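In case you want the letters, here they are:
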Amino acid sequence: EMEVGVENVLKETFEISVFPNPASDKIIVRYQSPVYGTMRGSLFNITGQLVASFEQEVFNGRNYLELKAGDYAPGVYHMGIEIDGNAEFGKIVIQ
C-alpha cells in the first residue's frame with residue numbers, strides 16, 4: 001500500500017503544461033520534475049512520426065522548455081517527456 005502512495009505522489013508532481021495552446025510563435029512547455037536529472041523529450045506528429053527530440057538538465061521542481069512554433073508545420077502534435085523512467089504526454093496545436 002505504501003508504494004502505491006509514493007507512485008501517486010510522483011505522478012502528481014510530474015505533469016506537463018503547454019502554452020499558448022494553440023501556438024503560432026513560441027511554445028512554452030512547463031513541467032514539474034520530482035528529481036534532479038535529465039529530461040528527454042520527443043515531439044510526434046498526428047501520425048506518430050517523431051519530428052523532434054530534446055534533452056536538457058532538469059532540477060527538482062518547475063522546469064521549462066521553449067520551442068519555436070515556426071519550426072514545425074501547422075497541426076496537432078504530442079509531446080512526450082521522460083525523466084528518471086517516468087513519462088508524461090501533452091498535446092500541442094500549432095497554427
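None of the values given here were measured: they were computed from a predicted structure.

Pairing in this open sheet of four strands is antiparallel, and the strands run β4-β3-β6-β7 from one edge to the other. Each having just a single partner strand, β4 (50-58) and β7 (86-94) make up the two edges of the open sheet. Each strand of the sheet is rotated relative to its neighbour by a mean of 20°, with strand direction disregarded. Strand direction decides the pairing type here: strand β3 (residues 37-45) and strand β6 (residues 75-83), joined by seven bridges, are antiparallel. Counterpart to Phe-44 in the pairing with β6 is His-78.

On to the sheet that holds strand β5 (residues 61-68), then. Read from one edge to the other, the open sheet built from three strands follows the order β1-β2-β5, with strand pairing classed as antiparallel. On the outer flanks of this sheet lie β1 (16-19) and β5, each paired with one strand and no other. Adjacent strand axes in the sheet meet at a mean angle of 20° when their direction is disregarded. Inspection of the sheet shows strand β2 (residues 26-33) paired to β5 by eight bridges, in the antiparallel sense. Residue pairing in the sheet places Ile-27 in a bridge with Leu-67 of β5.

Reading the values: the criteria
Residues numbered from 1 in each chain as written. Predicted model: local features only at pLDDT ≥ 70, side-chain atom pairs only at ≥ 80, totals over all residues. Heavy atoms only, no water. Pairing = 2+ DSSP bridges. Helix = DSSP H or I, 4+ residues; strand = E, 2+ residues; numbered from the N terminus. Axes fitted to C-alpha atoms, helices over the stretch in contact; angles between N-to-C directions.

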